[in-house]
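Report on the structure
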Amino acid sequence: MAATEPSKTPLEAKSPYELRVNLGKDVPESDVRTALSTGEMGFLHSFTTGSAVDGPGIRVVAWTTGCMYRCLYCHNPDTWTMSNGIPVSIGHALEQLNRYKHGLKIMAGGFTLSGGEPLMQHRFAVKLLSGARKLGIHAALDSNGYYGDKLSDEEFDAFDLVLLDIKAWDPALHKRLTGMDPEPTLAFARRLAARRKPIWLRYVLVPGLTDDPGDITKIAEFAAGLGNVERVDVLPFHQLGLHKWEKLKIDYTLAGTRPPSAEVVERTCAIYRDKGLKAY
Ligand code: SF4
């Protein structure tokens, strides 16, 4: 790989809501291809620390860039494009993680690889997650699961937990929401279940889009049938990412959508609980 000028933007960010664009735009195309095939380099929006909502305990989160979905409610559309991220060698990313190792152990936390969609860079994801585990750090993959088939069963050993986003059950709704089909995500969930790899299911609740009890019931039945879903996190839609859509000049159709009421959140949790799942 040709030497790439290190980005002056710090890898660490206060939150993933910091808008970051074009930080990897000078990486030659051939280096990008090599990075993707070897996992020796990845593209990261940022590292953030202190998250209490991205897995057990307090987490360090690495946010990758690149996503095959175009969710209507995406909070971080600057992570859609891989070249918006900072090019980072696997060695440097693991050095960063090593700095947090002791603190994470004390706080019973760990490392979460999120995005964007981390499996867009599946070789890098496997190396980073398994590297974290070798450092003795609990490793979680936060994924929409669409590229789950890029991982072999053995590579599931790279992580302790998957935070799996299921966006909708009905294929037409899923496609309208994300631009893609739901089946690859469901297939990934079934494979994780067969390997008894724990899943924390994440469900973004958007009024008028993903609040239909019938659709949610289908997801709940599927999740309960897997046997490896330890909990469900119902994530109320919010507008924290709105400024990114505006700055990136992408057409945002949910500007008038409000967060769901407490009653609708509770009703949604109750559907999951009714199927025997823990839901929050
Ligand atoms: S999968 Fe996540 S990062 Fe990708 S478009 Fe959807 S919300 Fe955004």
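The structure we're discussing is the one just above.
Overview of the structure.

1. Here's the deal with helix α6 (residues 213-226)
Helix length check: α6 (14 residues) gives 20 Å between terminal C-alpha atoms against 20 Å at 1.5 Å per residue, within 8%. Here α6 has its buried residues at Asp215, Ile216, Ile219, Ala220, Phe222, Ala223 and Leu226. Around the axis of α6, the buried residues are gathered within 165 degrees of arc, so they sit on the same side. Tucked into the core, α6 has its buried residues touching α4 (171-178), α5 (183-194), β7 (199-205), β8 (229-236) and α8 (262-274).

2. Let's talk about the packing of aromatic side chains
Across all of its chains, the model carries nine aromatic pairs by this definition. A centroid spacing of 5.7 Å and a plane angle of 80 degrees characterise the contact between Phe156 and Phe188, whose relative ring orientation is edge-to-face. Of the two residues, Phe156 is situated in the loop between β5 (138-143) and β6 (161-165) and Phe188 in helix α5; the sequence distance between them amounts to 32 residues. Across the pair, exposure class does not vary: Phe156 and Phe188 are buried alike. Summarising the aromatic geometry, the rings of Trp245 and Tyr252 are spaced 4.8 Å apart at their centres and angled 45 degrees between planes, so their arrangement reads as tilted. Trp245 gets classed as buried once you look at its relative accessible area, which sits at 4%. Residue Tyr252 is classed as buried on the basis of its relative accessible area of 14%.

3. Details of the state of the cysteines
Considering all chains together, one arrives at zero disulfides under this definition. Between Cys269, a free cysteine, and Cys71, which holds the nearest cysteine sulfur, the sulfur-to-sulfur gap is 20 Å. For Cys269, a relative accessible area of 2% translates into the label buried.

Criteria and thresholds
- Residues numbered from 1 in each chain as written.
- Predicted model: local features only at pLDDT ≥ 70, side-chain atom pairs only at ≥ 80, totals over all residues.
- Heavy atoms only, no water.
- Helix = DSSP H or I, 4+ residues; strand = E, 2+ residues; numbered from the N terminus.
- Expected span 1.5 Å × (residues − 1).
- Buried < 20%, exposed > 50% of the residue type's maximum accessible area, 1.4 Å probe, protein only.
- Arc of directions from axis to C-beta.
- Contact = heavy atoms within 4.5 Å.
- Phe/Tyr/Trp six-rings, centres within 6.5 Å; stacked < 30°, edge-to-face > 60°.
- Disulfide = S-S within 2.5 Å.

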